[in-house]
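Residue-level structural notes
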Amino acid sequence: MNINFELYRIFYTVAVCGNITKASKELMISQPAVTKQLKTLENQLGGELFIRTKKGVILTDNGREIFNYVKHAITCFQNAEMQFSNLKNLEKGTIKIGVSTTLAKLYLIKQLKSFHKEHPNIGIEISTDPSKLMRSKLRDGRLDMIVAKFYDEEDNDLSTIELGTLHDCFIAGNEYDELKNKTITFEELNKYPILLQKYPSTSRESLDTFCRANNIELTTKMEIGSASLLEEFVKIGLGIGLVTKEFVQKDLESGELFEVNTIPKLHEKKFGIIVLKDSMHSFGTNQLVKHLQKNKD
């Protein structure tokens, strides 16, 4: 069925006004045009909707039945417009963000705090899945955006917006004082117990790519699920760990940990926003992207 919503809007307005002349003024169309549209709708439905009187119009029994449905539909349209307006004005909505635990603590929490002050009615949902799973969720609509380290080559269906740079490094505690202020080869590093994050971790994958490119083999003593736990294991002397340098900066500055310098040096990694290319984003998501870009320095 080809439904002309304008016919039902005119029918609804006439029913509410109870008078074709009043309805025509509210609709801002001529009285004959209103009468013609009502007749068209009655012909479509196969029955009269109004009883014409000297004072105006009264709904027939069939007209009252139709009116109840049309009233509900009109209310739904009005609510939809209001909802859209709320979303556009950032008075409502939820942004679903994927982010690593490291970047959440190091970067995103501070940014979300200031964003929330500006837009307190926007809800935030955080997912801290592995990078590949977050990209999968982005593609199927379970996430609106990701804040993460970039792969060396992102897939063509994704767009990236750079926000900053991170550095992977090896760290050690005072049990390995002999390595302070020294630069060692990976062959020398391999003589020590090495602690790495479990797969799938962006840092771990980046290290593996780096090692393959430089014909390096590393023997891992222990694989650990989170960067925070790995740092704690390094502090108690279980080995030398690979972490994001910015994440442990305070401990490096305090002297509780120190960086183990290697040759060749590990590459820096860019991080930022990842969204689906050529897709429509919610007003809230667009506003948060602008906020992060504005405050990236």
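Residues numbered from 1 in each chain as written. Predicted model: local features only at pLDDT ≥ 70, side-chain atom pairs only at ≥ 80, totals over all residues. Heavy atoms only, no water.

Considerations on the overall build of the chain
- Counting its regular elements, the chain contains 11 helices and 12 strands.
- By principal-axis analysis of the C-alpha atoms, the chain measures approximately 105 × 35 × 25 Å.
- Looking at the chain as a whole, 40% of its 297 residues qualify as buried.
- A sequence separation of at least 24 residues applies to 73% of the contacts in the chain between residues at least 6 apart.
- Between the averaged position of the 40 positive side-chain charges in the chain and that of its 39 negative side-chain charges there is a distance of 10 Å. (Helix = DSSP H or I, 4+ residues; strand = E, 2+ residues; numbered from the N terminus. Buried < 20%, exposed > 50% of the residue type's maximum accessible area, 1.4 Å probe, protein only. Contact = heavy atoms within 4.5 Å. Lys, Arg positive; Asp, Glu negative; His and termini not counted. Charge placed at Lys NZ, Arg CZ, Asp CG, Glu CD.)

Side note on a nonpolar patch on the surface
- Residues Ile3, Phe5 and Phe77 make up a contiguous nonpolar surface patch of about 320 Å² in total accessible area.
- Following the sequence through the fold, phenylalanine 5 ends up in helix 1 (residues 5-17).
- When its relative accessible area of 52% is taken as the criterion, phenylalanine 5 is described as exposed. (Patch = residues over 30% accessible without salt bridge, like charges linked within 9 Å, V, L, I, M, F, W, Y side chains within 5 Å. Areas by Shrake-Rupley, 256 points an atom, 1.4 Å probe, with all protein chains shown as cover. Salt bridge = Lys/Arg side-chain N within 4 Å of Asp/Glu carboxyl O.)

So, the packing of aromatic side chains
- Enumeration according to the criterion identifies 7 aromatic pairs in this entry.
- Here the aromatic rings of phenylalanine 11 and phenylalanine 50 are separated by 5.5 Å at their centres, their planes lie at 50°, and the arrangement is tilted. Here phenylalanine 11 is found in helix 1, whereas its partner phenylalanine 50 is found in strand 1 (residues 50-52), with 39 residues between them in sequence. In terms of burial, phenylalanine 11 and phenylalanine 50 fall into one category: buried.
- An aromatic cluster of at least three residues, connected via ring pairs, comprises Phe11, Tyr12, Phe50 and Phe67.
- For the cation-ring pair, arginine 135 lies above tyrosine 151, with the distance from its terminal atom to the ring centre recorded as 3.9 Å. (Phe/Tyr/Trp six-rings, centres within 6.5 Å; stacked < 30°, edge-to-face > 60°. Lys NZ or Arg CZ within 6 Å of the ring centre and 35° of its normal.)

Here's the deal with the pairing of strand 4 (residues 123-127)
- Pairing of strand 3 (residues 94-99) with strand 4, which is carried by 5 bridges, proceeds in the parallel orientation. Note that in strand 4 the partner of isoleucine 95 across the bridge is isoleucine 124.
- The β-α-β motif built from strand 3, the intervening helix 5 (residues 101-118) and the parallel element strand 4 has right-handed crossover chirality. (Pairing = 2+ DSSP bridges. Right-handed = clockwise from strand over helix to strand, strands pointing away.)

Regarding the state of the cysteines
- Going through the model one piece at a time under the given rule, you end up with 0 disulfides.
- Considering cysteine sulfurs only, cysteine 211 is the nearest to cysteine 169, which forms no disulfide, with 15 Å between them. (Disulfide = S-S within 2.5 Å.)

A look at the packing of helix 5 against helix 11 (residues 283-294)
- Contact geometry for helix 5 and helix 11: axes closest at 11 Å, N-to-C directions at 120°. Compared by their axis directions, helix 5 and helix 11 come out oblique. As helix 5 packs across helix 11, the resulting crossing turns out to be right-handed. Listed contacts from helix 11 to Tyr107, Leu108, Gln111, Leu112, Ser114, Phe115 and Glu118 of helix 5 are Gly284, Gln287, Leu288, His291 and Leu292. (Axes fitted to C-alpha atoms, helices over the stretch in contact; angles between N-to-C directions. Parallel < 35°, antiparallel > 145°, perpendicular 65-115°, else oblique. Left-handed = near helix turned anticlockwise from the far one by under 90°.)

Brief notes about the environment of proline 120
- With respect to the helices, strands and loops of the structure, proline 120 is situated in the loop between helix 5 and strand 4.
- With 26 residues separating them in the primary sequence, proline 120 and threonine 94 have C-alpha atoms 11 Å apart.

Considerations on the environment of phenylalanine 11
- Overall, the relative accessible area of 0% leaves phenylalanine 11 in the buried class.
- Put simply, phenylalanine 11 and leucine 49 are 38 residues apart on the chain and 8.6 Å apart in space, counted from C-alpha to C-alpha.
- Residues in contact with phenylalanine 11, not counting those within four places in the same chain, are Leu38, Leu41, Leu49, Phe50, Leu59, Gly63, Ile66, Phe67 and Val70.

Some words on the packing of helix 1 against helix 3 (residues 31-45)
- Running from amino to carboxyl end, helix 1 crosses helix 3 at an angle of 110°, the nearest separation of the two axes being 9 Å. In terms of orientation, helix 1 and helix 3 fall into the roughly perpendicular class. The two elements helix 1 and helix 3 cross, and the hand of that crossing is left-handed. Where helix 1 abuts helix 3, its residues Leu7, Tyr8, Ile10, Phe11 and Val14 lie against Val34, Gln37, Leu38, Thr40, Leu41, Gln44 and Leu45.

Points about helix 2 (residues 20-27)
- Those residues of helix 2 lying buried are Ile20, Ala23, Ser24 and Leu27. Down the axis of helix 2, the buried set is contained in an arc of 100°. They therefore lie on one face. Pointing more than 90 degrees away from the buried face of helix 2 are the exposed residues Lys22, Lys25 and Glu26.
- Check the buried side of helix 2 and you find it contacts helix 1, helix 3 and strand 2 (57-59).
- The positive-phi residue at the C-terminal boundary of helix 2 is methionine 28, with phi of around 60°. (Arc of directions from axis to C-beta.)

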